[in-house]
4 protein chains.
Amino acid sequence: MAGNAWGTLFRFTTFGESHGPAIGCVVDGAPPGMLLDESDIQPWLDKRRPGQSRFTTQRREPDRVRILSGVFEGHTTGTPIGLVIENQDARSNDYSDIAHAFRPGHADYTYWKKYGRRDWRGGGRASARETAMRVAAGAIARKGLDFVLGRPVVIRGAVIQMGPHAIDRARWDWDEVARNPFFCPDAQAAKDWEPYLESIRKQGSSIGAVVEVEALGVPAGLGEPVYDKLDADLAKAMMGINAVKGVEIGAGFGAAALRGEENADAMRMAQGQVAFLSNNAGGILGGISTGQPIVLRLALKPTSSILIPQKTVNDEGQELELSTTGRHDPCVGIRAVPVAEAMLATTLLDHLLRQRGQCGNLPA
Amino acid sequence: MAGNAWGTLFRFTTFGESHGPAIGCVVDGAPPGMLLDESDIQPWLDKRRPGQSRFTTQRREPDRVRILSGVFEGHTTGTPIGLVIENQDARSNDYSDIAHAFRPGHADYTYWKKYGRRDWRGGGRASARETAMRVAAGAIARKGLDFVLGRPVVIRGAVIQMGPHAIDRARWDWDEVARNPFFCPDAQAAKDWEPYLESIRKQGSSIGAVVEVEALGVPAGLGEPVYDKLDADLAKAMMGINAVKGVEIGAGFGAAALRGEENADAMRMAQGQVAFLSNNAGGILGGISTGQPIVLRLALKPTSSILIPQKTVNDEGQELELSTTGRHDPCVGIRAVPVAEAMLATTLLDHLLRQRGQCGNLPA
Amino acid sequence: MAGNAWGTLFRFTTFGESHGPAIGCVVDGAPPGMLLDESDIQPWLDKRRPGQSRFTTQRREPDRVRILSGVFEGHTTGTPIGLVIENQDARSNDYSDIAHAFRPGHADYTYWKKYGRRDWRGGGRASARETAMRVAAGAIARKGLDFVLGRPVVIRGAVIQMGPHAIDRARWDWDEVARNPFFCPDAQAAKDWEPYLESIRKQGSSIGAVVEVEALGVPAGLGEPVYDKLDADLAKAMMGINAVKGVEIGAGFGAAALRGEENADAMRMAQGQVAFLSNNAGGILGGISTGQPIVLRLALKPTSSILIPQKTVNDEGQELELSTTGRHDPCVGIRAVPVAEAMLATTLLDHLLRQRGQCGNLPA
Amino acid sequence: MAGNAWGTLFRFTTFGESHGPAIGCVVDGAPPGMLLDESDIQPWLDKRRPGQSRFTTQRREPDRVRILSGVFEGHTTGTPIGLVIENQDARSNDYSDIAHAFRPGHADYTYWKKYGRRDWRGGGRASARETAMRVAAGAIARKGLDFVLGRPVVIRGAVIQMGPHAIDRARWDWDEVARNPFFCPDAQAAKDWEPYLESIRKQGSSIGAVVEVEALGVPAGLGEPVYDKLDADLAKAMMGINAVKGVEIGAGFGAAALRGEENADAMRMAQGQVAFLSNNAGGILGGISTGQPIVLRLALKPTSSILIPQKTVNDEGQELELSTTGRHDPCVGIRAVPVAEAMLATTLLDHLLRQRGQCGNLPA
């Protein structure tokens, strides 16, 4: 209720500040009997980890996760899984000039209004550092999906637009995503973005991005109408990621310009199964999965921490100019990819367990 | 957990099918001591009510709401408010041809996969008829916001794009919204949309739309980081409205193309208060309200029920062509306006009560 | 969150005051595909219904339940089931003398302190009339248990002590329960209680009671440690019934006087199954069902509405003497039996669905 | 939903097994602005800590708690408080003989049925070791109650019966509780219990107990009717403590034998306030606090781990005799006192925040 947990049957609760002693979470409701150890989680954390290219923050955090409970003789037991990552490279002094001033675009002002005080070191709880725990929980959810369904569910994402520069979807290549520092599926775009983002970074500025994530192999029937629709929960999951300002599914905002006969995905039979001839729905109808790929896009604003001075005020009502030093990503959209994937995974597993509980069936 | 409720401290649970005996809801957690009777709810229902122009379904429903509990001597008592609307103009026979066939773009197929059976009359539970209860709960939430804050909160919405035709924001006039059948704030656009939508309707087709809603007078400090952010909850609220495929806040998808110094809203002091010089944030930073107007946009797909025949299958795996007769809105985006307003109101009241409970303060 | 709902995956939310227009509830999460109509619910309501003997209130309520949604072609669809009972024999004037005075032992004072106002007609929301909806939800839960498990679960209860007069357990006969107005399983005790309770009633007084309920055929494995233990949830369910002041399971308070070797239920094998040699646990170990009968006892205080004058105060701080006229049960413990059975049924179904969702298995 | 959390607005989620690397919890919703450091929590943990007398388990655990988040510059910030205690004296080998056998009276069999596997080291998750985290959360809740109310709330408990030997309430002395190893308020009883329990211990047996807890200074108005009544939530809180088999409030089971005029607590005015002339209600009417002391009693069964051999079976269906070695409390009732106090504190704070959120007032 105080907002630090996600999910219902599969539910994780996180804690920790950017520059506190540690961050961590409790993952409750993971299916019992799954093989699990730290090596299942660490690779996903490494993907999100800061300091890996000059396009992400230079903070050096090994992000070494430790499982404290819920696993016995190599298998999950059904009891809560405690996870902790000790913070290493916390340099609170970098932030002392914002102890009283509110950085524009950040949560400094709103935390202060809400709670009457705030941990100003690196954004405290509002820092994207918290998303490491989403990625950790997502790693467990990925395993849970495969375990419960008995077949692989593929969850993957990519940056499809950086600033005003969109990829060419005709050049989409999923293998390309791992080859460039942008999670970009278009090799040519990745090449173009490199000098572009380098220039932004050198100017002390930042830029927004659009991310696309998808899930393949999700059974039909997941989602609880009418208020816990699968797309509604996914919209919440994505909008809750730091810096996200928009979410769309399938045809998304483009659907507004379509006619009924253009938009509705026709159905035919193929190999004895219902087959859709298009996927404007993005894999969800009436809030329930159709069995098609689930496809979401999210818009991220530019990083608010920039060197360019900005007009602001402090907690004593004085006006001032503020330029944010410290270590920051010039484009937060990049590191949002593994986070969005993780939130997609956790939300799907939660709805899978709900469906199994509620209706007792897991349609193909 | 089965998905038919919204909110936490202010929470409503709805029931009812499009062509069943009645629809209704239980509103739990309304502040005690408010003046309330049916006349506070009915005008908002009338705004959403079908059959009011040729641009909405011709089903004739008086939508007369009855308060069954929770009010005594004209005031709310703090106990749950039961609301019921009896269905009147149910013509199930209109739908007998879809008893076994799945209408493309509708939830017919997914309900069948999820539950193993479905009430096919008029879409059953997936019908937009259910949204009448959101509007009723929203009417109570509007009163609750004003009552708790001791000052008016303005919540209003408009259609800003129909199909490919957007309004001119320079001509925006809130008074105009009530004067045309489209909730359109641009008189010229409304005039243009009339023959356009008439032509769509006559062709037996339909078209999508974009809706904008805003809330004025919301105090700073509402929203629970990091998973129940106010914008995350609003994204869920909006994506959960029938036919919505995208949601954005403030600069939204446009933020992806902005630089840090363009996007972050600068702050100055004005009359002793913090004043933002722009509102790209849409009134929410770090998931918590800033005190600025909260501004959201949602994209709605075209009505899936159209006369133009569509390829589909039935529950025995046979392929067929289906044209949907019955009574339908050519643009569901129009009647989504009061629903989106209602969801904005209920979500804000819920977060207001949570903030009061959690932190004990209601900052101005 | 405002406290008018019970359960998680199987969840019902009730509304209604004793002398308002109607009482009702929404049952969310009933398994889809069950046969259900009003005749499945009405007999259980009739069992709880007032006015059936001189030992229950003389208020005449037919308690005719109406299903408003969630059932189609005779089967549940998985969507919420709306239920309403219109109030008939409401005589609010009986209560006008307590509009401002607080009846001792009742919730009058506490509702007034909590909400600042209260519906004083017949106890308003705090009236045991609300429990009719628990019984209705319980009727659906009974069907759900049998439907999900594919075999009957027996849930039954009895009054085992009236005032200081306990039954002789050696004479226990479940068939006897339906033959006397006390739900008493001991024919001799029932005979003795009749003049005893008649005398209490004529003196304008009332008396407490102890009720025992049990469930047979519950599979092992239900219950979520460590805070949503099955026995913990059942304790809450029972303590939440009007007038209940104590709950125990299995050996209960008697367990305090036992030694370890007397208390722990030994296990042997029988027909290839684990068989317990005793049931001090009451069917639950570590918060999880063992497969044995689940056995609970609850203590109910005497009805607080009595003709004998009592010292109290009013909402203006004046002291006065109050004797409660109106129509009341001399022993509320009697009509608590079907309510306790209903809460046992709803809690078990909820945990059955949770277990199926969480672990995917329903052990025998 | 998987059962490892307690509370709503003030909510904590625990993790950890008896012999795993660590136990811990996340406390979400603590009021912001409170002074808090480890020294506020440690004394309460020390009170529950094992190995302090020969009447509690000889396991040596320093139970040193570490705050990982949620506190900045000495004050709570409103963000979640992560707490961890590393396990030190884990001797899993003590338990290898129960890797496959089910200890009677323990959760071994039920965990195995529920999850299909179990961490058998020292009871794993079902061990009372988990309750250390309840005590830690309770320490924060105690501070929260005082902080929100601006005055002290006293929460305290005592063992009032050991085996068949009850205290003499006429000799009740709260100061005595800290002077003997039994938390016994009757000096004479404590003296008598010493040889009694020593004899039980030497026989390799164990014994049950009854604990009483109370809260003084709780305002009227806390509790959410009709399903989240304060007494219902407290019954759940207490029944969820390891080994508890019964819970009662106020007159409790004794109320069954009372008449209406004996049971209902009369009201008079005193110093301009409503004053009750007795407290059979135990401080709660209609599920809402009256402002009187809240008084609960809980019955605990004898420790199930005893040296005396017991009949049981193993997970291969073989019958065997089992005597539980390892280190155990001869009377678990003793160390249940700080746990019951903690659960009382956390439940009260949760309802205090809910009342503030829901109704906006905190009546005296």
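These figures come from a predicted structure and were not determined experimentally.

*Asks:* Break down the overall build of chain A for me, citing the residues and quoting the values.
*Replies:* Of the regular secondary structure elements, chain A holds 7 helices and 18 strands. At 21 Å, chain A has a C-alpha radius of gyration in line with the 21 Å of a compact globule built from 364 residues. Projected onto the principal axes, the alpha-carbon positions of chain A cover approximately 65 × 50 × 40 Å. The 364 residues of chain A split such that 69% are buried. Counting only contacts in chain A whose residues sit at least 6 apart along the sequence, the fraction spanning at least 24 positions is 70%. Element-wise, carbon and sulfur atoms account for 49% of the exposed surface of chain A, whose accessible area totals about 10500 Å².

*Asks:* I'd like a description of the packing of aromatic side chains, backed by residues and values.
*Replies:* Within this structure, the stated rule accounts for 42 aromatic pairs over all chains. Their ring planes at 90° and their centres at 5.6 Å tell us that Phe 72 of chain A and Trp 120 of chain D sit as a pair that is edge-to-face. Linking Phe 72 of chain A in strand β5 (residues 71–72) with Trp 120 of chain D in the loop between α2 (108–115) and α3 (131–149), this pair reaches from one chain into another. Against the face of Tyr 115 of chain B rests Lys 114 of chain B, its NZ or CZ located 5.7 Å from the ring centre.

*Asks:* Give a description of the interface of chain C and chain A that names residues and reports values.
*Replies:* Each partner contributes residues to the interface: chain C has 11 residues there, and chain A has 11 residues. Interface area for chain C against chain A, summed over the two sides, is near 1000 Å², with a carbon-plus-sulfur share of 57%. Where chain C packs against chain A, one counts 0 salt bridges. Our count for the contact surface shared by chain C and chain A stands at 5 residue pairs in polar contact (both at pLDDT 80 or more). Among the residues forming the side of chain C that touches chain A, the class breakdown is 6 nonpolar, 4 polar and 1 charged.

*Asks:* Describe the relation of the copies chain C and chain A, listing the residues and the values that go with them.
*Replies:* Of the transformation placing chain C onto chain A, the axial shift is 0.0 Å and the rotation is 180°, giving an RMSD of 0.0 Å. In short, the pair behaves as if placed about a two-fold rotation axis. Among all residues of chain C, the one whose C-alpha sits closest to the rotation axis is Gly 357 of chain C, at a distance of 1.7 Å. Comparing interface residues between copies, 100% of those in chain C also lie at the interface in chain A; the contact surface is shared.

*Asks:* Requested: an account of the pairing of strand β16 (residues 294–300) of chain B, with residues and values cited.
*Replies:* Residues and elements named next belong to chain B. Within β16, 7 of the 7 residues are buried, which leaves the element mostly enclosed by the surrounding structure. Side chains Ile 294, Leu 296, Leu 298 and Leu 300 project from β16 onto one buried face, and the interleaved Val 295, Arg 297 and Ala 299 project onto a second face that is buried too. Examined bridge by bridge, strand β10 (residues 209–216) and β16 share 7 bridges and lie antiparallel to one another. Looking at the pairing, Glu 214 lines up with Val 295 of β16.

*Asks:* An account of the confidence of the model for chain A is requested, with residue identities and associated values reported.
*Replies:* On average, residues of chain A carry a pLDDT of 95, and 98% of them reach 70 or more. Both confidence scores are given for the complex: pTM 0.98, ipTM 0.97.

*Asks:* Describe in detail the environment of Pro 338 of chain D, supporting the description with residues and values.
*Replies:* In this fold, Pro 338 of chain D is placed in helix α7 (residues 332–359). Spatially, the C-alpha atoms of Pro 338 of chain D and Asn 4 of chain D are 19 Å apart, while their sequence positions differ by 334 residues.

*Asks:* Let's hear about the relation of the copies chain C and chain D: which residues, and what values?
*Replies:* Mapping chain C onto chain D is achieved by rotating through 180° and translating by 0.0 Å along the same axis, at an RMSD of 0.0 Å. The overlap is high: 100% of the interface residues of chain C also sit at the interface in chain D, so the same surface is used on both sides.

*Asks:* Account for unusual backbone geometry, naming residues and giving values.
*Replies:* Omega for the bond connecting Pro 225 of chain B with Val 226 of chain B falls within 30 degrees of zero, at 5°, which places this linkage in the cis form. Mapped onto the secondary structure, Val 226 of chain B falls in the loop between β10 and α5 (230–239). Positive phi is not limited to glycine here, since Glu 73 of chain A has a value of about 50°. Given the relative accessible area of 57%, Glu 73 of chain A is considered exposed. For Gln 271 of chain D, which is not glycine, the phi dihedral falls at a positive 50°. Take Gln 271 of chain D: it is sitting in the loop between β12 (267–270) and β13 (273–276). Looking at Gln 271 of chain D, the relative accessible area reads 78%, which means it is exposed.

Cut-offs used in this document
Residues numbered from 1 in each chain as written. Chains lettered and ligands numbered in written order. Predicted model: local features only at pLDDT ≥ 70, side-chain atom pairs only at ≥ 80, totals over all residues. Heavy atoms only, no water. Helix = DSSP H or I, 4+ residues; strand = E, 2+ residues; numbered from the N terminus. Rg over C-alpha atoms; globule rule 2.2 N^0.38 Å. Buried < 20%, exposed > 50% of the residue type's maximum accessible area, 1.4 Å probe, protein only. Contact = heavy atoms within 4.5 Å. Areas by Shrake-Rupley, 256 points an atom, 1.4 Å probe, with all protein chains shown as cover. Phe/Tyr/Trp six-rings, centres within 6.5 Å; stacked < 30°, edge-to-face > 60°. Lys NZ or Arg CZ within 6 Å of the ring centre and 35° of its normal. Buried area = accessible area lost by both parts, 1.4 Å probe. Salt bridge = Lys/Arg side-chain N within 4 Å of Asp/Glu carboxyl O. Polar contact = N/O pair within 3.5 Å; in protein donor to acceptor, adjacent residues only side chain to side chain. Nonpolar A, V, L, I, M, F, W, Y, C, P; charged D, E, K, R; others polar. Least-squares fit on C-alpha atoms with pLDDT ≥ 70 in both. Pairing = 2+ DSSP bridges. pLDDT = per-residue confidence, 0-100.

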